[in-house]
Amino acid sequence: MTRRTNALARRLEQGAGALATLATGLSDAEWQLRLPGDGRKIGVVVHHVATMYPLEIQLAQTLATGSAVVGVTSADVDAMNARHAEEFDAVTKEAALDLLRRNSTAAAAAIRALTDDELDQAAPLSLNADAPLTCQFMLEDHAVRHSYHHLARIRSALKTLAKSRASVHAA
């Protein structure tokens, strides 16, 4: 473990922890709320973040060896997300939070196992138009950022719901 890998792992753990904390406090109705512009239920999105950690780490580890990531496109990601949403539409809070805990812990451990040289290794990444990107970029843009990205969208949806409820009660 290096200072850089530990810092990346800590940021991933903090994001996953914040997502878990928010999800733990959700009511059953909030867990089932569909995110505007996304259409997936909040619970499905929490499970999605947990599910993606192993793949995101695998892609980063591929770059860490200097090997290109080929054949992964945004269309593939969209299709995978759609299949996931359909398959896990009824995911329970307990199952999603357990997977989030286990997979974020494993992802953080995998990040800590990398060296600074591996973080700096760059190779073409098909998901980003075959731009030669570093392992660290892949980690920051995907595994580390993922929970924060969805956490912000969930908070926004919950805030909108709260405003809507307040205006109904005020009327």
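Residues numbered from 1 in each chain as written. Predicted model: local features only at pLDDT ≥ 70, side-chain atom pairs only at ≥ 80, totals over all residues. Heavy atoms only, no water.

## Some remarks on the overall build of the chain
Move 1: Of regular secondary structure, the chain possesses seven helices and two strands.
Move 2: Taking 16 Å as the expected radius of gyration for a compact globule of 171 residues, we find that the chain reaches 17 Å, a close match to that expectation.
Move 3: With respect to the three principal axes, the spread of C-alpha positions in the chain is 60 × 35 × 25 Å.
Move 4: Counting the 171 residues in the chain, one finds 42% classified as buried.
Move 5: Across the chain, every contact between residues at least 6 apart in sequence was considered, and the portion connecting residues at least 24 apart equals 78%.
Move 6: Here the chain has roughly 8700 Å² of accessible surface; of this, 56% comes from carbon and sulfur atoms.
Move 7: The positive charge centre, built from 18 side chains, and the negative charge centre, built from 19, are 8 Å apart in the chain. (Helix = DSSP H or I, 4+ residues; strand = E, 2+ residues; numbered from the N terminus. Rg over C-alpha atoms; globule rule 2.2 N^0.38 Å. Buried < 20%, exposed > 50% of the residue type's maximum accessible area, 1.4 Å probe, protein only. Contact = heavy atoms within 4.5 Å. Areas by Shrake-Rupley, 256 points an atom, 1.4 Å probe, with all protein chains shown as cover. Lys, Arg positive; Asp, Glu negative; His and termini not counted. Charge placed at Lys NZ, Arg CZ, Asp CG, Glu CD.)

## Points about unusual backbone geometry
Move 1: Phi at Ala129 takes a positive value of approximately 60°, unusual for a residue other than glycine.
Move 2: The topology assignment puts Ala129 in the loop between strand 1 (122-125) and strand 2 (131-134).
Move 3: The exposure class of Ala129 is exposed, given its relative accessible area of 72%.

## Focus on the pattern of salt bridges
Move 1: Here the structure, examined in full by the defined rule, presents 11 salt bridges.
Move 2: Residue Arg112 is joined to Glu13 by a salt bridge in which the shortest nitrogen-to-oxygen separation is 2.8 Å. Linking Arg112 in helix 5 (residues 93-112) with Glu13 in helix 1 (residues 3-24), this pair joins segments that are 99 residues apart in sequence.
Move 3: Owing to a relative accessible area of 18%, Arg112 belongs among the buried residues under this scheme.
Move 4: Residues Lys41 and Asp89 are paired through a salt bridge, measuring 3.1 Å at the closest nitrogen-oxygen approach. Taken together, the residues span a long stretch of sequence, with Lys41 in the loop between helix 2 (28-32) and helix 3 (42-64) and Asp89 in the loop between helix 4 (74-87) and helix 5 at a distance of 48 residues.
Move 5: By relative accessible area, which is 28% here, Asp89 ends up partly exposed. (Salt bridge = Lys/Arg side-chain N within 4 Å of Asp/Glu carboxyl O.)

## Some words on the layout of surface pockets
Move 1: By volume, the largest pocket is sized at about 420 Å³.
Move 2: Glu56, Val77, Asn81, His142 and His146 are the residues nearest the centre of the largest pocket, which is lined by 23 residues in total.
Move 3: Looking at the lining of the largest pocket, the elements with two or more residues in it are helix 3, helix 4 and helix 7 (135-170).
Move 4: Grouping the constituent residues of the lining of the largest pocket by class yields eight nonpolar, seven polar and eight charged. (1 Å grid on protein atoms, 1.4 Å probe; cavity = no way out; pocket = protein on both sides within 12 Å on 5 of 7 lines; lining within 4 Å. Points joined across faces, edges and corners; volume = space filled by probe spheres on them. Nonpolar A, V, L, I, M, F, W, Y, C, P; charged D, E, K, R; others polar.)

## Observations regarding helix 1
Move 1: Between its first and last C-alpha, helix 1 extends 31 Å over 22 residues, near the 32 Å set by a 1.5 Å rise per residue.
Move 2: Three or more residues of helix 1 are buried, namely Thr5, Asn6, Ala7, Leu8, Ala9, Leu12, Gly15, Ala16, Leu19 and Ala23. (Expected span 1.5 Å × (residues − 1).)

## Some thoughts on helix 3
Move 1: The end-to-end C-alpha distance of helix 3 is 33 Å, a good match for the 33 Å that 23 residues give at a rise of 1.5 Å each.
Move 2: Burial analysis of helix 3 places 17 of its 23 residues in the buried class, which makes it a mostly covered element.
Move 3: Just past helix 3, the residue Gly66 takes up positive phi, approximately 85°.

## Brief notes about the pairing of strand 1
Move 1: Here strand 1 runs beside strand 2; their pairing, made up of four bridges, is antiparallel. Among the inter-strand pairings, Ala123 is bridged to a residue of strand 2, identified as Leu133.
Move 2: Counted along the chain from strand 1 to the antiparallel partner strand 2, the turn is five residues long, and its residue Ala129 has a positive phi close to 60°. (Pairing = 2+ DSSP bridges.)

## Comments concerning the packing of helix 1 against helix 3
Move 1: Direction vectors running N to C along helix 1 and helix 3 enclose 155°, while the axes themselves pass 11 Å from each other. As judged from the angle between their axes, helix 1 and helix 3 are roughly antiparallel. Handedness of the helix 1/helix 3 crossing: left-handed. On helix 3, the residues touching Leu12, Ala16, Leu19 and Ala23 of helix 1 are Val46, Val49 and Tyr53. (Axes fitted to C-alpha atoms, helices over the stretch in contact; angles between N-to-C directions. Parallel < 35°, antiparallel > 145°, perpendicular 65-115°, else oblique. Left-handed = near helix turned anticlockwise from the far one by under 90°.)

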